[in-house]
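# Analysis of the macromolecular model
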Amino acid sequence: MNALRSIRGLIRVLPALLVGLAFGALAPGEVRAADMGQIRASAPTRVSIADLASGKRDRLEFSDAAFSGWIRRDGEIYLEADVAHNGLLCADYQAGVRFGVGAPGCSNVQWLSEAVYASRRMQCNNAGLRHVGGATDASLTAIFDRITCAERIIRCSGAGCR
C-alpha cells in the first residue's frame with residue numbers, strides 16, 4: 001500500500017518536474033533572449049592580412065569570443081557564431097550581423113545597415129550549436145568603406161525561447 005501511495009505521489013509531482021526541466025534555469029549572468037528580444041555582441045573590423053599585403057581594402061574581418069567572420073566589398077558576408085539554447089523545448093535560432101561606424105572601432109556606434117541573417121537552425125534539449133553561414137546584401141557595398149564595427153545578432157522564435 002505504501003508503494004502505491006509513493007507512485008501516486010510521484011505521478012502528481014511528475015508534470016511539475018517535467019515543466020521545470022523543459023524551462024531549465026539559466027546560469028547566473030547569462031542573457032535571456034526574451035528579455036532583450038535578441039542577443040548581441042560587437043567586434044571591431046580590421047583589414048584582412050591578404051589585403052594588407054597587397055595594399056587593398058576589399059575584405060574586412062571581425063571576431064571576438066562569441067563570433068567571427070568577414071565582409072567583402074561586394075556585400076558578401078560570412079559568419080560563424082556559437083549559440084547556446086537552454087531548455088528541452090525547441091526553438092528556431094538565426095545568427096546575423098549588422099555593420100556600423102564608431103570612434104574608435106565599436107565605441108559610440110552609428111549602425112549603417114540592418115541585420116543580414118546568415119544561418120538558421122532549430123535547437124532543442126539544452127544543445128548549443130555552431131552556426132555557420134553566408135549571405136550577400138548588395139546594399140552593403142555603399143557603406144563598405146565606412147565600416148569599423150560588426151555586431152552579431154542572435155534571434156530566437158518558438159516555444160523554447162526564453
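Here the structure is a predicted model, which means the values were calculated and not measured.

Basis of the calculations
- Every residue gets a number counted from 1 within its own chain, in the order that chain's sequence is written.
- A pLDDT threshold of at least 70 governs which residues receive local features in this predicted model, and a stricter bar of 80 or more applies before side-chain atom pairs are shown or counted, although totals over entire chains, interfaces and linings include all residues.
- Side-chain metrics in this entry use all non-hydrogen atoms of the structure; hydrogen atoms and water are not considered.
- By definition, any uninterrupted DSSP run of H or I lasting at least four residues is a helix, any uninterrupted run of E lasting at least two residues is a strand, and each is numbered from the N terminus.
- Buried means the residue's accessible area, taken with a 1.4 Å probe over protein chains only, is under 20% of the maximum for its type, while exposed means over 50%, and partly exposed covers the values in between.
- Contacts are assigned to residue pairs with any non-hydrogen atoms lying within 4.5 Å of each other.
- Residue exposure ignores everything except the shown protein chains as possible cover, and the areas themselves are Shrake-Rupley values with a 1.4 Å probe.
- By convention, a stacked pair of Phe, Tyr or Trp rings (six-membered ring in the case of Trp) has centres within 6.5 Å and planes under 30 degrees apart, an edge-to-face pair has planes over 60 apart, and any other such pair is tilted.
- Over a ring means this: the NZ of a Lys or the CZ of an Arg is within 6 Å of the ring centre and within 35 degrees of the ring normal.
- Note on scores: pLDDT gives the predictor's confidence for each residue, bounded by 0 and 100.
- Each nonpolar core is a collection of buried residues, namely Ala, Val, Leu, Ile, Met, Phe, Trp, Tyr and Cys, held together in the definition by side-chain atoms within 4.5 Å.
- Side-chain atoms alone can form a polar contact between residues adjacent in sequence; in general such a contact is a pair of N or O atoms within 3.5 Å, and within protein one must be able to donate a hydrogen while the other accepts it.

### Here's the deal with the overall build of the protein chain
- Of the regular secondary structure elements, the protein chain holds 3 helices and 9 strands.
- In sequence order, the secondary structure elements of the protein chain are arranged as α-α-β-α-β-β-β-β-β-β-β-β.
- Put simply, the protein chain has 162 residues, and 35% of those count as buried.
- A sequence separation of at least 24 residues applies to 66% of the contacts in the protein chain between residues at least 6 apart.
- When the accessible area of the protein chain is evaluated, it comes to approximately 9000 Å², of which 57% is carbon and sulfur surface.

### What about the packing of aromatic side chains?
- Enumeration according to the criterion identifies 3 aromatic pairs in this entry.
- A ring pair is formed by Phe 62 and Phe 67, whose centres lie 5.7 Å apart and whose planes are at 45°; its orientation type is tilted. We note that Phe 62, like Phe 67, is buried.
- Judged by centre distance (5.9 Å) and plane angle (65°), the ring pair of Phe 62 and Phe 99 falls under edge-to-face. Here Phe 62 is found in strand 2 (residues 59-63), whereas its partner Phe 99 is found in strand 5 (residues 91-101), with 37 residues between them in sequence. Each member of the pair, Phe 62 as well as Phe 99, carries the same accessibility label: buried.
- Members of the aromatic cluster, each reached through a chain of ring pairs, are Phe 62, Phe 67 and Phe 99.
- The ring of Tyr 117 carries the charged tip of Arg 155 above its face, separated from the ring centre by 3.9 Å.

### Considerations on the confidence of the model for the protein chain
- Mean pLDDT over the protein chain: 80, with 77% of residues reaching 70 or higher.
- The low-confidence segment residues 9-36, where pLDDT is below 50, has 23 contacts with residues more than four positions distant or belonging to other chains.

### Some thoughts on the nonpolar core
- Counting residues in each nonpolar core, the largest one holds 26 residues, and the members touching the most others are Phe 62, Phe 67, Ile 71, Ile 77, Phe 99 and Leu 140.
- Within the residue set of this core, elements represented by two or more residues are strand 1 (38-47), strand 2, strand 3 (67-72), strand 4 (76-83), strand 5, strand 7 (116-123) and strand 9 (149-157).
- Contacts of Phe 99, omitting those with residues within four sequence positions, involve Phe 62, Ile 71, Ile 77, Trp 111, Leu 112, Ser 113, Leu 140, Ile 147, Cys 149 and Ala 150.

### Notes on the environment of Asp 145
- Mapped onto the elements of the fold, Asp 145 is located in the loop between strand 8 (129-136) and strand 9.
- Placed 44 residues apart in sequence, Asp 145 and Val 101 show a C-alpha to C-alpha distance of 9.7 Å.
- Residue contacts for Asp 145: discarding those within four places in its chain leaves Arg 57 and Arg 73.
- At a separation of 3.0 Å, a polar atom in the side chain of Asp 145 contacts the side chain of Arg 73.

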